[in-house]
Amino acid sequence: MLFDNTKRAFHLKTDFDLKKALIIFKLISSKRLVSIVSRLVYFLYKINMSINFLFKDTVFKQFCAGTNKQETLEIVDQLSKSKIYSYVHYASENIKTDEDLDLSLKQILSSFAFSKLNKNISFVVFKPTSLGFSDIYQKHSLNKPLNSIGKESFNKIKFRFEACCKKAKDLKVKLLIDAEESWIQDSIDNLTESLMEKYNKKNVIVYTTIQMYRKDRYDYLINLHKKALIKKFKIGVKLVRGAYIEKEFNRSRLLGYENPIYSTKKETDKSFNKAVNFILKRLEVFSLFLATHNEKSIYNVIRFMSKNNISKKREIYFSQLYGMGDNITFNLSHLNYKVVKYLPYGPIKDVIPYLIRRAEENTSVSGQTSREMELIKKEIKRRKLN
Ligand SMILES: Cc1cc2nc3c(=O)[nH]c(=O)nc-3n(C[C@H](O)[C@H](O)[C@H](O)COP(=O)(O)OP(=O)(O)OC[C@H]3O[C@@H](n4cnc5c(N)ncnc54)[C@H](O)[C@@H]3O)c2cc1C
């Protein structure tokens, strides 16, 4: 099978790295353990107790590319040798004040500079909540009036989004804008659409993210396509299933509204596949960035490409997170598909919330964790026999 070549997938990992990765995935497959450890880590983190030593050679090394630019560039170079593109992300999620948001903008703008150092960095990404506060996005999404401070905050968000797009255009790098919780997403979508309209006239620079676990997203995609045809712009789509399933469920239950997320994985898969087909049939308008570790979804795309003679040089990217899905990343790039690895980096203390999120997401997507363990075990066994 295409994604089963573990020799290729793990050629950058030592035997020791593999054994460590196996233990990490085993630990994070326990929901109870992840929940207890996360709470403990957040507590220690809040009282400023340094626990970096616990993370440095374990989860940090597994899921982050480095603490600084230099270390991260080493990983980018390694991946380049296998024709894999990278996108780097300063993964600090520790934002409380307006100054933090300004600093975060600076960090995002500085990650564009990476692209000058290695031509295989062709994307930059940001999370909207690293450029603005959730409550402002939420009020704007609900069309609620903002007071003067709120208006100023929103104008700053617009300024920060625009600054990133302008930098992307100037440096000829593509910009991915992450999707977050449904209750703040309308505002993010409005901003992103207006920027796609402005910056994606000839080529795609700005990519929106569409979460196909949401019941309303297929219709959203169709409407976005209609708008693009009328207003004559191109659409970049990072297509994902969606990462906030438990949060969405809990909030809808607490506030008593219908959960916007499909109630079964099967429905999410169906909606994801439908969206992929819609996009692939309209590549004159769309650029697709398929962010998934789901092997079946990827098979569907490459089968569609081959059946319809779609060149691998078209704007169809496959993307996996650093530390996960290496069997997909390396085996796809070997076949000359465009593959992009997401490389989060930053000082350990600042990326701890990202790491906890990674652990929690892995716990809730148990199939993924067991697939990672199965592949690692297979490679350990293969190495023993050779
Ligand atoms: C490069 C990259 C970038 C990403 N960026 C974002 C982003 O910007 N925003 C974001 O929200 N997520 C993002 N994600 C995470 C993504 O949305 C998924 O959570 C994650 O990739 C797992 O989905 P999958 O397609 O890889 O695998 P799969 O294992 O096939 O799918 C798991 C996903 O299916 C859905 N699901 C699981 N159980 C159910 C259920 N019972 N009912 C309904 N749906 C269910 C959930 O979305 C779950 O995450 C990103 C992922 C990658 C790889």
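This text follows the structure it describes.
Procedures and definitions
Along every chain, residues carry numbers that run from 1 in the direction the sequence is written. Only residues with pLDDT of 70 or above have their local features reported here, since the model is predicted, and side-chain atom pairs are shown and tallied only from 80 upward, although totals for entire chains, interfaces and linings are computed over all residues. The helix count covers DSSP runs of H or I at least four residues long, the strand count covers runs of E at least two residues long, and both are numbered beginning at the N terminus. Here the globule rule is a power law, 2.2 Å times the number of residues to the power 0.38, and the radius of gyration is based on C-alpha atoms. To sort residues by exposure, count the other C-beta atoms lying within 10 Å of each residue's C-beta; 20 or more gives buried, 12 or fewer gives exposed, and values between give partly exposed, all with C-beta atoms placed from the backbone. Residues are defined as contacting one another if the C-beta atoms placed from their backbone atoms lie within 7 Å. All residues are tested the same way: a C-beta atom is placed from the backbone, and lying within 6 Å of a molecule or strand makes the residue near it. Each residue is assigned to one of three groups, with Ala, Val, Leu, Ile, Met, Phe, Trp, Tyr, Cys and Pro labelled nonpolar, Asp, Glu, Lys and Arg labelled charged, and all others, Gly among them, labelled polar. Between any two strands, pairing holds if DSSP finds at least two bridges. Helix axes are fitted to C-alpha atoms over the stretch in contact, other axes to C-alpha atoms as well, and angles between N-to-C directions run from 0 to 180 degrees. By convention, the crossing between two helices is left-handed when the near helix turns anticlockwise from the far helix through less than a right angle, and right-handed when the turn is clockwise. Geometric relationships in this document are graded by angle, where less than 35 degrees denotes roughly parallel, more than 145 denotes roughly antiparallel, 65 to 115 denotes roughly perpendicular, and other angles denote oblique. Between the first and last residue of a helix there are one fewer steps than residues, each counted as 1.5 Å, and that sum is the expected span.

Participant: How do you make sense of the overall build of the chain when you look at a structure like this?
Facilitator: Of regular secondary structure, the chain possesses 17 helices and eight strands. Here the C-alpha radius of gyration of the chain, 20 Å, is about what a compact globule of 386 residues would show, namely 21 Å. Its C-alpha atoms give the chain principal-axis dimensions of roughly 65 × 60 × 45 Å. Looking at the chain as a whole, 41% of its 386 residues qualify as buried. Put simply, 76% of the contacts in the chain that link residues at least 6 apart link residues at least 24 apart.

Participant: Explain the site of the ligand here, please?
Facilitator: With respect to spatial proximity, 29 residues lie near the ligand, and among them Asp 178, Val 240, Arg 241, Ala 243 and Ala 291 are the closest. Within the residue set of the shell around the ligand, elements represented by two or more residues are β4 (206-211), α13 (265-280), β7 (316-321) and α17 (366-385). Ranked by the residues each element gives to the shell around the ligand, the list is headed by β7, at three residues. Residues of the shell around the ligand, tallied by class, amount to 12 nonpolar, 13 polar and four charged.

Participant: What should I look at first to understand unusual backbone geometry in this one?
Facilitator: Excluding glycine, residues mostly have negative phi values, and the peptide bonds linking residues are mostly trans. Positioned with a positive phi, Asn 143 is a non-glycine residue whose angle comes to about 55°. Here Asn 143 shows up in the loop between α8 (134-141) and α9 (148-171). A positive phi angle, near 55°, is found at Lys 172, a position not held by glycine. Relative to the helices and strands, Lys 172 is located in the loop between α9 and β3 (174-177). With 10 C-beta atoms counted inside 10 Å, the residue Lys 172 sits in the exposed group.

Participant: Whenever I open this one, the sheet that holds strand β8 (residues 338-345) confuses me. Can you help?
Facilitator: Sheet strands line up and pair through hydrogen bonds in the backbone, either parallel or antiparallel. What the eight strands build is a closed barrel, ordered β1-β2-β3-β4-β5-β6-β7-β8; its pairing is parallel. Here the strands of the sheet are splayed against their neighbours by 30° on average, with no regard to which way each runs. Two strands pair when backbone bridges link them, and strand β1 (residues 85-90) and β8 are joined in this way by six bridges, in the parallel orientation. In the strand pairing of β8, Tyr 90 is matched with Tyr 345.

Participant: I would appreciate a short explanation of the packing of α9 against helix α10 (residues 182-199) in the present structure.
Facilitator: A pair of packed helices can be characterised by two numbers: the angle between their axes and the separation between those axes. Relative to each other, α9 and α10 sit at 30°, their axes nearing to 11 Å. As for the relative orientation of α9 and α10, their crossing is right-handed in sense. Residue-level inspection shows Lys 158, Phe 161, Cys 165 and Lys 169 of α9 in contact with α10, the latter providing Leu 191, Leu 195 and Tyr 199. Residue classes in the contact of α9 with α10 are distributed as five nonpolar, no polar and two charged.

Participant: What exactly am I supposed to notice about the packing of α8 against α10 here?
Facilitator: As a packed pair, α8 and α10 sit with axes 7 Å apart at the nearest point and diverge in direction by 75°. Classified by the angle between their axes, α8 and α10 sit roughly perpendicular to one another. Residues Ser 134, Tyr 137, Gln 138, His 140 and Ser 141 of α8 pack against Trp 183, Ile 184, Gln 185, Asp 186, Ser 187 and Ile 188 of α10. In the contact of α8 with α10, the residues fall into four nonpolar, six polar and one charged.

Participant: Whenever I open this one, the environment of Ile 210 confuses me. Can you help?
Facilitator: Looking at the element boundaries, Ile 210 is found in strand β4. Classification of Ile 210 as buried rests on a count of 23 C-beta atoms within 10 Å. Along the sequence, Ile 210 and Leu 221 sit 11 residues apart, while their C-alpha atoms lie 8.0 Å from each other. Leave out the neighbours within four places in its chain, and Ile 210 touches Ala 179, Arg 217, Tyr 220, Leu 221, Val 237, Leu 239 and Ala 275.

Participant: Hey, could you run me through helix α3 (residues 31-46) in this one?
Facilitator: Residues that lie three or four places apart on an α-helix share one face, since the helix turns once every 3.6 residues. Between its terminal C-alpha atoms α3 stretches 22 Å, which fits the 22 Å expected from 16 residues at 1.5 Å a residue. With its phi angle positive at about 60°, Asn 48 sits one or two positions after the end of α3.

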